[in-house]
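# Descriptive analysis of the structure
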Amino acid sequence: MGNSFGGRIAIDVTLTHPDLVRALVLVAPGLGGFEGSPELDAFDEEEDALLDAGRIEEAVELNLRTWLDGDGRRSAPVPPEVREHVAAMQRNSFEVIVAAYERTPEPGPVAWADPPAATRLGEISAPTLVAGCAHDQPDFRRLAELVAAGIRGAEHVTLATAHLPSVEQPEELNRLLLGFLAAHAA
């Protein structure tokens, strides 16, 4: 199972080691070989610029607006303590990443599936559930549809959340997940 970047990793693991995967759950997944929109590229550039300038709090807020508030909403309908929790996790992640890149040698390189996963979805035979998110960024709404269409027999659902359904609607996500796993991974 993977959400977002974790979904990209789960897809690559499934392609590289299909014998290790009995069922696959992808929530707002990323996908190797997918060309993002100029808007997603602009987000990445803004995040990188903020982090390079040491403006971690602004980078955290950018991520909250983009991934928790989502597309077409002023703020996510989550309690303030959940927003604070996600901010703390994102802040910690940035602090770890920045510290890692200040060391020599820097982390990496990363080895992704080759050829890229976007060209190989049809190779996945594990039962797959793809959960898209109605208020996610447009690229990720398209990705959920593309991944679900590319994997033979994949189930596709759309949750009424932004990019992080595990914090917005954890009970609904758990219900879907447990039902799917009970049916396909027992």
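Above this note sits the structure.
The following refers to the structure shown. Residue positions within a chain follow its written sequence, with the count starting from 1. Per-residue local features of the predicted model are confined to residues with pLDDT of at least 70, and side-chain atom pairs are confined, for both listing and counting, to 80 or more; whole-chain, interface and lining totals are unaffected and use all residues. The side-chain quantities take in all heavy atoms of the structure and omit both hydrogens and water.

### Examining a negative patch on the surface
Definition in use: Any residue with relative accessible area above 30% and no salt bridge may belong to a patch, with like charges joined within 9 Å and the nonpolar Val, Leu, Ile, Met, Phe, Trp and Tyr side chains within 5 Å. Areas reported here follow the Shrake-Rupley algorithm with a probe of radius 1.4 Å; residue values treat only the protein chains shown as occluding. Every case where a carboxyl oxygen of Asp or Glu lies within 4 Å of a side-chain nitrogen of Lys or Arg is listed as a salt bridge. Lys and Arg are tallied as positive, Asp and Glu as negative. Neither His nor the chain termini are counted. In plain terms, the charge of a residue is placed at NZ if it is Lys, CZ if Arg, CG if Asp and CD if Glu. Per-residue accessibility, obtained with a 1.4 Å probe over protein chains only, is compared with the maximum for each type, and a residue is labelled buried under 20%, exposed over 50%, and partly exposed between these values.
On the surface, a cluster of negative charge is contributed by Glu-35, Glu-39, Asp-41, Asp-44, Glu-45, Asp-48 and Asp-52. Glu-45 gets classed as exposed once you look at its relative accessible area, which sits at 57%.

### Concerning helix 4 (residues 80-102)
Residue pairs spaced three or four apart in an α-helix point in one direction, given the helix's 3.6 residues per turn. Spelled out, the test is: Helix and strand definitions follow DSSP, with helices as H or I runs of at least four residues and strands as E runs of at least two, each counted in order from the N terminus. Given a helix with a known number of residues, its expected span is that number minus one, times 1.5 Å. The contact criterion used throughout is that any non-hydrogen atoms of two residues lie within 4.5 Å.
Helix length check: helix 4 (23 residues) gives 33 Å between terminal C-alpha atoms against 33 Å at 1.5 Å per residue, within 8%. Among the residues making up helix 4, those that are buried are Val-82, Val-86, Ala-87, Phe-94 and Ala-100. Against the buried residues of helix 4 lie helix 2 (38-52), helix 3 (56-69) and helix 6 (165-168).

### A word on the packing of helix 3 against helix 4
Two measures define how a pair of helices packs: the angle their axes make with one another and the distance between the axes. Under the convention used in this document: Fitting a line to C-alpha atoms yields each axis, with helices limited to the stretch in contact; the angle taken between N-to-C directions then spans 0 to 180 degrees. In these notes the angle categories are as follows: under 35 degrees is roughly parallel, over 145 is roughly antiparallel, 65 to 115 is roughly perpendicular, and the rest is oblique. Put simply, a crossing is left-handed when the front helix is turned counterclockwise from the back one by less than a right angle, and right-handed when it is turned clockwise. For this scheme, ten residues count as nonpolar: Ala, Val, Leu, Ile, Met, Phe, Trp, Tyr, Cys and Pro. Four count as charged, namely Asp, Glu, Lys and Arg, and the remainder, Gly too, count as polar.
The interhelical angle for the contact between helix 3 and helix 4, taken along N-to-C directions, is 130 degrees, at an axis separation of 9 Å. In terms of their interaxial angle, helix 3 and helix 4 are classed as oblique. Considering the relative orientation of helix 3 and helix 4, their crossing is right-handed. In this structure, helix 3 uses Ile-56, Glu-57, Ala-59, Val-60, Glu-61, Asn-63, Leu-64, Leu-68 and Asp-69 to contact helix 4, whose residues at the interface are Arg-83, Val-86, Ala-87, Gln-90, Arg-91, Phe-94 and Glu-95. Split by residue class, the contact of helix 3 with helix 4 holds eight nonpolar, two polar and six charged.

### Things to note about the nonpolar core
The tendency in soluble globular proteins is for nonpolar side chains to be buried side by side. Threshold: By convention a nonpolar core is built from buried Ala, Val, Leu, Ile, Met, Phe, Trp, Tyr and Cys residues, the set being connected through side-chain atoms within 4.5 Å.
Membership of the largest hydrophobic core comes to 34 residues, with the highest contact counts inside it found for Ile-11, Leu-26, Leu-31, Leu-121, Ile-124 and Val-147. Elements with a minimum of two residues in this core: helix 1 (5-16), strand 2 (24-27), helix 2, helix 3, helix 4 and helix 5 (138-150). For this core, the leading source of residues is helix 3, giving seven residues. Residues Ala-23, Leu-129, Leu-159 and Phe-180 belong to the second largest nonpolar core, which totals ten residues.

### Some remarks on the pairing of strand 3 (residues 128-133)
For the record, the criterion: A pair of strands is considered paired only if DSSP assigns at least 2 bridges between the two.
Buried residues dominate strand 3, accounting for six of its six residues. Of the two faces of strand 3, the one lined by Thr-128, Val-130 and Gly-132 and the one lined by Leu-129, Ala-131 and Cys-133 are each fully buried. Where strand 2 lies against strand 3, four bridges are found, and the strand directions are parallel. Its bridge partner being in strand 3, Leu-26 is matched across the sheet by Val-130.

### Comments concerning the pattern of salt bridges
Counted according to the given criterion, the structure contains eight salt bridges. We note a salt bridge from Glu-58 to Arg-55, for which the minimum N-O separation is 2.6 Å. Note on Arg-55: relative accessible area 39%, which makes it partly exposed. One salt bridge connects Arg-91 with Glu-57, and the closest N-O pair in it is separated by 2.5 Å. Taken together, the positions of Arg-91 in helix 4 and Glu-57 in helix 3 put the pair 34 residues apart, joining distant regions of the chain. On the accessibility criterion, Arg-91 (24% relative accessible area) is partly exposed. Looking at Glu-57, the relative accessible area reads 46%, which means it is partly exposed. Salt bridges sharing common partners tie together Glu-61, Asp-69 and Arg-83.

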